[in-house]
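Examining the three-dimensional arrangement
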Amino acid sequence: MPHAVSLLRAARLARSSKPFLARGGFKRDRCADCRLNIGHCMCALRPSVPTRAGICLLMADVEPLKPSNTGWLIADMVADTFAFGWARTETDPALLELLKDPQWQPFVVFPGEFVEPERVVHSVPLPDACATQTTKRPLFILLDGTWSEARKMFRKSPYLDTLPVLSLELAQISQYKLRRSRRDDHFCTSEVASLCLSLAGEELAAQTLETYLDVFTHHYLQAKNQWPIAWDSPAHQRLSELAKLRTASAEA
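Keep in mind that what you see is a predicted model, and the values were worked out from it rather than measured.

Observations concerning the pairing of strand β2 (residues 81-85)
Within a regular strand, side chains alternate between the sheet's two faces. In this sheet, β2 lies alongside strand β1 (residues 54-59) in parallel orientation, the contact comprising five bridges. Considered in β2, the bridge of Cys56 is made with Phe82. Note on the crossover from β1 through helix α2 (residues 71-77) to β2: the handedness is right-handed.

Digging into the nonpolar core
The biggest cluster of nonpolar side chains holds 43 residues, and the ones touching the most others in it are Phe140 and Leu142. The set of elements that each furnish at least two residues to this core consists of α1 (4-15), β1, α2, β3 (104-109), β5 (137-144), α5 (189-199), α6 (203-224) and α7 (234-251). Not counting residues within four places of it along the chain, the set of residues in contact with Leu142 comprises Ile55, Cys56, Leu57, Leu58, Ile74, Val109, Thr189, Val192, Ala193 and Cys196. In this structure, Ala60, Leu99, Val108 and Phe154 belong to the second largest nonpolar core, which totals 23 residues.

What to know about empty space enclosed by the protein
Applying the stated criterion to the full structure yields one cavity of 30 Å³ or more. Its boundaries defined by the atoms lining it, the largest cavity holds a volume of some 30 Å³. If you trace the largest cavity, you find it lined by Leu58, Gly85, Trp86, Ala87, Glu90, Thr91, Asp92, Leu95 and Tyr159. Considered class by class, the residues forming the lining of the largest cavity number five nonpolar, two polar and two charged.

A look at the sheet that holds β1
Read from one edge of the open sheet, six strands run β2-β1-β5-β3-β6-β4, paired in parallel fashion. Single-partner strands in this sheet number two, and they are β2 and β4 (120-121). Pairing between β4 and strand β6 (residues 165-166): two bridges, direction parallel. Paired with Val121 across the bridge in β6 is Leu166. Sitting on the sheet, helix α3 (residues 93-100) touches β1, β2, β3 and β5, and the angle it makes with β2 is about 140°.

Calculation rules
Residues numbered from 1 in each chain as written. Predicted model: local features only at pLDDT ≥ 70, side-chain atom pairs only at ≥ 80, totals over all residues. Heavy atoms only, no water. Pairing = 2+ DSSP bridges. Helix = DSSP H or I, 4+ residues; strand = E, 2+ residues; numbered from the N terminus. Right-handed = clockwise from strand over helix to strand, strands pointing away. Core = buried A, V, L, I, M, F, W, Y, C linked by side-chain atoms within 4.5 Å. Buried < 20%, exposed > 50% of the residue type's maximum accessible area, 1.4 Å probe, protein only. Contact = heavy atoms within 4.5 Å. 1 Å grid on protein atoms, 1.4 Å probe; cavity = no way out; pocket = protein on both sides within 12 Å on 5 of 7 lines; lining within 4 Å. Points joined across faces, edges and corners; volume = space filled by probe spheres on them. Nonpolar A, V, L, I, M, F, W, Y, C, P; charged D, E, K, R; others polar. Axes fitted to C-alpha atoms, helices over the stretch in contact; angles between N-to-C directions.

Have a look at this one:
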């Protein structure tokens, strides 16, 4: 079944008057499910990890069309991934309904230095087996686009103004290699989602998504350079190990 980002991509393509050409990408036929060159397809490696947390992607206009977009990887793995195209003048009613759904506690993921201090949080509530009330499931709202697009989405989306802002404390350097950034502390969407899942206590899911990004990066760059896949790479081996951990955990 197509996931949320795939459906958003299809809707965006249907509105396009001309084909989208990825800048700097390869021009050969791509797999419709993983967006990679057919000979470098990674659909067989797609992980699925049950998570209590959900991910809501607000995507800049052409972001769903970019083969290097990593929101796609989140939707591959996290069943409760929602994706909406962002526009300043209109808002998808389904997005507003999602934000009001009582099962979710939405958090806008954005740097706290740009936000009023009273809105900023650095952690999310974890479920407590002894609690008398059910803790709401965290819903992480990720602004998927360039840094300038993300700032615009944050400033010009009034429906986000009342939500807490989760500010991540980043102690590492982004490993994303498919697009250039002027700053090492600008993380790709998939990396941010991994950090959020870890905060929510979903460590296996966080590690799997992080490794899945590494595998995707390998396949993408090998395809771009017309090199064969190293199926025994450290990233592939790690993804296989995590799959075994998931199986063992499910059987326990």
